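What follows is the residue order along each chain.
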Amino acid sequence: MTQAELFNQLDQSERYQAVRGKIEQLISKHPSRIIIAIAGLPGSGKSTLADYLADRINQQQQGLVASVSMDGFHYSKEQLNNFPDPKAALARRGAPWTFDSKEFCTRLAKFKQHPEQTLYWPSFDHAHGDPVENDIAIPASIKVLIVEGLYVLHRQHGFENAQIWLDESWFIDLDIQDALKQLAKRHQQAWGFSEKQAWQRIEQNDALNAQIADQSKTFANHIIKVR
């Protein structure tokens, strides 16, 4: 299914339309910039929701919303190799302590404190497995920044310092087994894994991260149930 086909399908979802309406209300009520954080388990549809909302609202008012991920704040493989235990750091890549939470918080602060400036945001190159610094330009015209990621609502490892900048904290509530099944399919498609390899990867890493991410549900001010 193409992205356009998926988004057309989501246009028929009452749940997604309710969330879209919530953002439109926030825009009408807030004269200043807004940051909306979307957390959830791996495979729960965080990036799909964030990209859908930005696409549909920008169709009405071009250049109003930007959708970004916290994935660009992964420490690079070179940085992880300089950790006290590089083998453990690389094996657990994707855990909250393998992200540069300090820089993540700095970029959120810049979005709020310097609305007249273009903000540059890192992306993550999945082909090479490393972040790409300043790859995404967020111009001054952007009023709403939607930030999705496993740990955007996490309250440890430095991510607790992000909370002051968030206007809305949302969590996509999906059963953990359903989320991991979707993630297994994604691993097979993206990396050519067999089903067995995908589940080995999940058991060694992703399932542990999912358990950590699930704990931040309690900090959300809006729960989006997708099952």
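Since this is a predicted model, take the numbers as computed values, not measurements. (Residues numbered from 1 in each chain as written. Predicted model: local features only at pLDDT ≥ 70, side-chain atom pairs only at ≥ 80, totals over all residues. Heavy atoms only, no water.)

## What about helix 3 (residues 46-60)?
An ideal rise of 1.5 Å per residue puts 21 Å on 15 residues; helix 3 measures up with 22 Å between its terminal C-alpha atoms. If you check which residues of helix 3 are buried, you get K46, L49, A50, Y52, L53, A54, R56, I57 and N58. (Helix = DSSP H or I, 4+ residues; strand = E, 2+ residues; numbered from the N terminus. Expected span 1.5 Å × (residues − 1). Buried < 20%, exposed > 50% of the residue type's maximum accessible area, 1.4 Å probe, protein only.)

## As for the sheet that holds strand 6 (residues 168-173)
With parallel pairing, five strands are arranged side by side in an open sheet as 2-5-1-6-7. Each of the sheet's edge strands pairs with one partner strand only, and the pair in question is strand 2 (65-69) and strand 7 (222-225). Averaged over all neighbouring strand pairs, the angle between strand axes comes to 20 degrees, with direction disregarded. Strand direction decides the pairing type here: strand 1 (residues 34-40) and strand 6, joined by five bridges, are parallel. (Pairing = 2+ DSSP bridges. Axes fitted to C-alpha atoms, helices over the stretch in contact; angles between N-to-C directions.)

## A few points about the pattern of salt bridges
Inspection of the entire model under this criterion finds 11 salt bridges. The closest approach of N and O atoms between E24 and R20, which form a salt bridge, is 3.6 Å. With E24 and R20 both in helix 2 (residues 14-29), this residue pair falls four residues apart, about one helical turn. Assessed through its relative accessible area of 30%, E24 is described here as partly exposed. Notably, a salt bridge pairs K225 with D173, separated by 2.8 Å at the nearest N-O pair. Here D173 lies in strand 6 and K225 lies in strand 7, a separation of 52 residues in the sequence. (Salt bridge = Lys/Arg side-chain N within 4 Å of Asp/Glu carboxyl O.)

## Focus on the packing of helix 1 (residues 3-10) against helix 3
Look at helix 1 against helix 3: their axes get within 11 Å of each other, and the N-to-C directions meet at 80 degrees. Classed by the angle they form, the pair helix 1 and helix 3 counts as roughly perpendicular. Residues Q3, L6, F7, N8 and L10 of helix 1 form the contact with helix 3, whose participating residues are T48, D51, Y52, D55 and R56. Residue classes in the contact of helix 1 with helix 3 are distributed as four nonpolar, three polar and three charged. (Parallel < 35°, antiparallel > 145°, perpendicular 65-115°, else oblique. Contact = heavy atoms within 4.5 Å. Nonpolar A, V, L, I, M, F, W, Y, C, P; charged D, E, K, R; others polar.)

## Focus on the side chain of S76
Mapped onto the fold, S76 is located in the loop between strand 2 and helix 4 (77-80). The exposure class of S76 is buried, given its relative accessible area of 14%. Look past the residues within four positions of S76 in its chain and what remains in contact with it is R93, D130 and P131.

Shape is all these values report; function is a separate question.
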